[in-house]
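Survey of secondary and tertiary structure
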Amino acid sequence: MNANNTAATFPVKPLLISGEYLPIDWLQEEPPALEFCIDPLAPIGGVTVVNAHGGTGKSLLALKIAIHVALGLDILDAPTQVGKVAYLSLEDSKPVFRQRLYKIVQSMPNEVSTRLEELTSRLFFINRYGKQTFMMGIESGNVVESDYPADLISLLKEHSIKCLIIDTFVRTHSLNENDNAQMGAL
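The text that follows walks through the structure, step by step, so that each part is easy to find.

Calculation notes
Residues numbered from 1 in each chain as written. Predicted model: local features only at pLDDT ≥ 70, side-chain atom pairs only at ≥ 80, totals over all residues. Heavy atoms only, no water. Salt bridge = Lys/Arg side-chain N within 4 Å of Asp/Glu carboxyl O. Helix = DSSP H or I, 4+ residues; strand = E, 2+ residues; numbered from the N terminus. Buried < 20%, exposed > 50% of the residue type's maximum accessible area, 1.4 Å probe, protein only. Pairing = 2+ DSSP bridges. Axes fitted to C-alpha atoms, helices over the stretch in contact; angles between N-to-C directions. Contact = heavy atoms within 4.5 Å.

**Points about the pattern of salt bridges**
Summed over all chains, the structure comprises 4 salt bridges. Among the charged side chains, a salt-bridge network with shared partners connects Arg115, Glu118 and Arg122.

Here it is as structure tokens:
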């Protein structure tokens, strides 16, 4: 009660969390099939991480994956779904990337040589070598998102990209990789 003996009213705050009871069709009907860039290793709309020590071939594997997905070729005995792929290069310069790409294409003459135009129309190269490309960082002790993710998402949507490869992810942030809260935010 306030001084006028009327009940105090407060603005109604929306709930920060909600839920729902399970729909019956979840139990009776087979759900739609999940889509994968690489089945069953890399789901579309999900995150897949390739992690290893430096110099072990992660970038080479990432570029081979990009080529295979762009052309719909199986990789490591796993089927891929053909589609546009963006390769965000944060660690290799354009000449290094080009050299690596050329060597891979030359090593796959039967699969790629007759499909070069197809490959160039589906493999989108984003060169950010030597440019700070933090998606998140620390500002006044808080984890904050930069403008870069929104711009990247817009670019991917504009070109109908379904698979994004970031090489190397460690260059997308200035966070403490041993801090689960910071990595969860990222």
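**Details of unusual backbone geometry**
The omega torsion of the bond from Asp39 to Pro40 falls at 0°, within 30 degrees of zero and hence cis. On the secondary structure map, Pro40 appears in the loop between β1 (36-38) and β2 (42-43). Between Asp167 and Thr168 the backbone carries a cis peptide bond, its omega angle lying at 10°. Looking at where Thr168 falls in the secondary structure, it is placed in the loop between β7 (163-167) and α7 (180-185). Within the chain, Asp77 stands out as a residue other than glycine whose phi angle is a positive 65°. Residue Asp77 is classed as exposed on the basis of its relative accessible area, which comes to 81%. The backbone of Ser160 sits at a positive phi, close to 55°, despite the residue not being glycine. Residue placement: Ser160 occurs in the loop between α6 (148-158) and β7. The class for Ser160 is exposed, based on a relative accessible area of 54%.

**Side note on the sheet that holds β7**
An order of β4-β3-β7 is seen for the 3 strands of this open sheet, with the pairing classed as parallel. Two strands bound the open sheet, and with one partner strand each, they are β4 (123-127) and β7. The average undirected angle you get between the axes of adjacent strands in this sheet is 15°. Both strand β3 (residues 85-89) and β7 contribute to a ladder of 5 bridges, which runs parallel. Pairing of Val85 across the sheet is with Cys163, part of β7. Across the face of the sheet, helix α2 (residues 58-71) comes into contact with β3, β4 and β7 while running at roughly 160° to β3. Set on the sheet, α6 makes contact with β3, β4 and β7; between it and β4 the angle comes to about 155°.

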